[in-house]
Amino acid sequence: MAEGYPPTELSRRTTGGSSRFALPIEVGCGEGLREALHRACLWNAFPRPSVILDLAGCTSVRKLSALATCESRSEILELAEILSLNPDDRERLSREKLPIHASRDFVMFFGHPLRRGHISSARRIAPQMLAKGEGLKAIWSLKPLAIDPISREYLADRCPCGARLGWELSCDPWMCDQCMGDLRDLAVKIYEPQDEKALDFAARLLDPEATGRRTYLSPASELADESHSNLFQFVVRIAQTCQRNELIDRRGVIEPQHLERAGRALLEWPHGFEELVEVVSAAPPGGKDLGWFKSKPLRKLQFDPTVPETIRRRIKVVLDKARRVEAVSSRSFTPDFADASPVEHGSRLKRPREAVLSLIRSRGTVVDDPRAATAHTYIAALRDIEPVRRFSQDLGVPVPAVFELLKTGLAPELAPAIVHLGSLITPAIDRDLLCGISKSIRPGTRSGAIGLVSCCFALDPSLTFSWSTILRAILDGRLGVWRGQRPARGLISELVVKDFSFLSSLIKTQPTSDDVLNAPMSQNELSMIIDRTRSVAANIVNSGLITGISTAGKLAQLRKKWAFGFELQTLAKIRCGPVKNLHRTLTHVDVKRVTSGDVTFWDRNEALSKLGLLSL
């Protein structure tokens, strides 16, 4: 009967001339605007909810099925007025729908930006939940979810008669709007999870009713600062990739077991994701080799434009780490080698990712030197290991120097952290290196002692001295060291020495390898080498005298022509005592210099000659 009236007349007859519903409603916690409007139309005897959109003057949507993707604030407020919602509900609906993306690919879902394609236009229901008195829930409209997040009942969007459940008729939510069949009698199908915590995490990320019951990432997780919407999209793409790899596709609906796998990968990030990448393998067509990239479908996610950019960057970091480890371990690489081909002096791999991939692709092949040019790959893999980085900081030597210590068996405490990189070197000392050095420090102070690192730097412009040789002498008691009173950049920076002649002989005994000299280093590692602050290291880099990536080898090249003021002062202390006003002294005799910030580079030969240090 009501269908024969125009919208304005229908409004007058149904609401008594008012633009508001006679029976007001309150929006439930799990309801969206579409679910609330459907329920309100049923209560107020509106046979077709789409008429209400006409009454509200909606132009962006013409059917109730499309209301979930409506982003017009004015239309939402007008619908809220017609529904007679209280002010709190109106404000909440308006706030949750404020768009934050310029792209029409996204809509707001309870305050979370969500890809528009994830919202179903069909009415999806959990029949047994409705039989227990529950109403329609907005979370059921998310196509990636095949089940209700709480009851784990499989959702239905079709009637046994074959009709797709719609929104255009005001009927009880459990009824088919075509045959009027009661769907509460459908057979119950409940999903039994193998990993309940992982499934809860994945399925309840955007569930408005999950407050207080949601599984959260550990605060220490690298993903803890990602938004729920970003995490949900990441879960969806992982699960979809796993499902499609098994040649299963259900029109966007993801089987719950794949959500579990995706949830676990995020809960145990990054190791959980790395393990899943290895497990999900693509079957090569016709026995052909798919190659490193295509053989593991989840690796493609680092280039997937539907994955948030911040997460793509995290994926790349994780996969690059795994790639380096695989490159090292696949070649049975061990840091204990003496005949490996050295990397060209002052050079760096121009395409490190391609070099690593090349190593992986060549697994099992016979080459002239299977270990050649892999030292940089090994050092890069060491940088990815947190205990190695912490050891480097605590000891006060760069990671390339840690690589040298591993080769000589002087870092036994790192064995558990690097066991996955291949063969281990037999320890050359009985105790941990840090502990051994601490016990070798002599009590008291020694007059005239100078910092160990500063002495090594000043006495060896070529920077070829080996830390393994010097530290072994300390452990053996041949080189006496004391603890100085100065800011620490690791344990080594605190040590002072008195026997400069013996230290000089140690520096000349066994040079370090080219792999250590030519490995890239950070500004923090440069500050360890020069025994000065990071700001001094930054000024050296910013001077332009070191081009490209900083290495110890490039710093040594620079020192063939230039000397630092602090280096000259150390040499003077070793020889005859400190020089008073060194900068003024060298300026007065017009020694050539270059300045970068608070760092002055003096012409080495001129400065050493004027200070009488050429013979040192």
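Here we look at unusual backbone geometry
Step number 1: Cis rather than trans, the peptide bond between Trp269 and Pro270 has omega equal to 0°.
Step number 2: Locating Pro270 in the fold gives a position in the loop between helix H9 (256–267) and helix H10 (271–279).
Step number 3: Residue Asp531 is not a glycine yet carries a positive backbone phi of 60°.
Step number 4: The residue Asp531 is located in the loop between helix H24 (523–530) and helix H25 (534–542) in this model.
Step number 5: Looking at Asp531, the relative accessible area reads 2%, which means it is buried.

Observations regarding the confidence of the model for the protein
Step number 1: Averaged over every residue, the pLDDT of the protein is 83; the share at 70 or more is 85%.
Step number 2: Per-element confidence in the protein is highest for H9, whose mean pLDDT is 96, and lowest for helix H1 (residues 7–15), whose mean pLDDT is 43.
Step number 3: In this model residues 1–18 is a low-confidence stretch, pLDDT under 50, and it forms 19 contacts with partners more than four residues away in sequence or in other chains.
Step number 4: Of the regions scoring below 50 in pLDDT, residues 361–373 engages in 17 contacts with residues more than four places distant in sequence or in other chains.

Description of the layout of surface pockets
Step number 1: Volume-wise, the largest pocket comes out at about 530 Å³.
Step number 2: Considering the residues around the largest pocket, the lining is formed by 23 residues, among which His271, Glu274, Lys321, Ala322 and Val325 are closest to the centre.
Step number 3: For the lining of the largest pocket, the secondary structure elements donating two or more residues are H10, helix H12 (309–330) and helix H15 (386–395).
Step number 4: The greatest single-element share of the lining of the largest pocket, amounting to seven residues, is contributed by H12.
Step number 5: Tallied by class, residues from the lining of the largest pocket come to 10 nonpolar, two polar and 11 charged.

Section: the pattern of salt bridges
Step number 1: Inspection of the entire model under this criterion finds 27 salt bridges.
Step number 2: Here Arg34 makes a salt bridge to Glu35, at a shortest N to O gap of 4.0 Å. Glu35 carries the same exposure label as Arg34, and that label is buried.
Step number 3: Taken together, the salt bridges that share partners define one network made up of Glu134, Lys137 and Glu209.

Section: the packing of aromatic side chains
Step number 1: Counted by the stated rule, this structure contains 11 aromatic pairs.
Step number 2: Relative to Phe564, the ring of Phe457 has its centre 6.0 Å away and its plane inclined at 35°; by these criteria the two rings are tilted. Separated by 107 residues along the polypeptide, Phe457 in helix H19 (residues 452–459) and Phe564 in strand E6 (residues 562–564) bring together distant segments of the chain. There is no split in this pair, since Phe457 and Phe564 are both buried.
Step number 3: Plain terms: the ring middles of Phe465 and Trp467 are 5.3 Å apart, the flat faces sit at 80° to each other, and that makes the pair edge-to-face. We note that Phe465, like Trp467, is buried.
Step number 4: Members of the aromatic cluster, each reached through a chain of ring pairs, are Phe457, Phe564, Phe566 and Phe601.

Digging into H15
Step number 1: Inspection of H15 places Val388, Phe391, Ser392 and Leu395 among the buried residues, and these make up the whole buried set. Looking down the long axis of H15, one finds its buried residues gathered within 100° of arc, a one-sided arrangement.
Step number 2: At the C-terminal side of H15, Gly396 shows a positive phi close to 95°.

A few points about empty space enclosed by the protein
Step number 1: On inspection of all chains with the given rule, the structure shows five cavities of 30 Å³ or more.
Step number 2: Considering only enclosed or pocket space, the largest cavity measures out at about 240 Å³ in volume.
Step number 3: Elements represented by at least two residues in the lining of the largest cavity include exactly helix H16 (399–407), helix H23 (514–517) and H24.
Step number 4: For the lining of the largest cavity, the element with the most residues is H16, which contributes three residues.
Step number 5: Class assignment of the residues belonging to the lining of the largest cavity gives a composition of 15 nonpolar, three polar and one charged.

What counts, and at which threshold
Residues numbered from 1 in each chain as written. Predicted model: local features only at pLDDT ≥ 70, side-chain atom pairs only at ≥ 80, totals over all residues. Heavy atoms only, no water. Helix = DSSP H or I, 4+ residues; strand = E, 2+ residues; numbered from the N terminus. Buried < 20%, exposed > 50% of the residue type's maximum accessible area, 1.4 Å probe, protein only. pLDDT = per-residue confidence, 0-100. Contact = heavy atoms within 4.5 Å. 1 Å grid on protein atoms, 1.4 Å probe; cavity = no way out; pocket = protein on both sides within 12 Å on 5 of 7 lines; lining within 4 Å. Points joined across faces, edges and corners; volume = space filled by probe spheres on them. Nonpolar A, V, L, I, M, F, W, Y, C, P; charged D, E, K, R; others polar. Salt bridge = Lys/Arg side-chain N within 4 Å of Asp/Glu carboxyl O. Phe/Tyr/Trp six-rings, centres within 6.5 Å; stacked < 30°, edge-to-face > 60°. Arc of directions from axis to C-beta.

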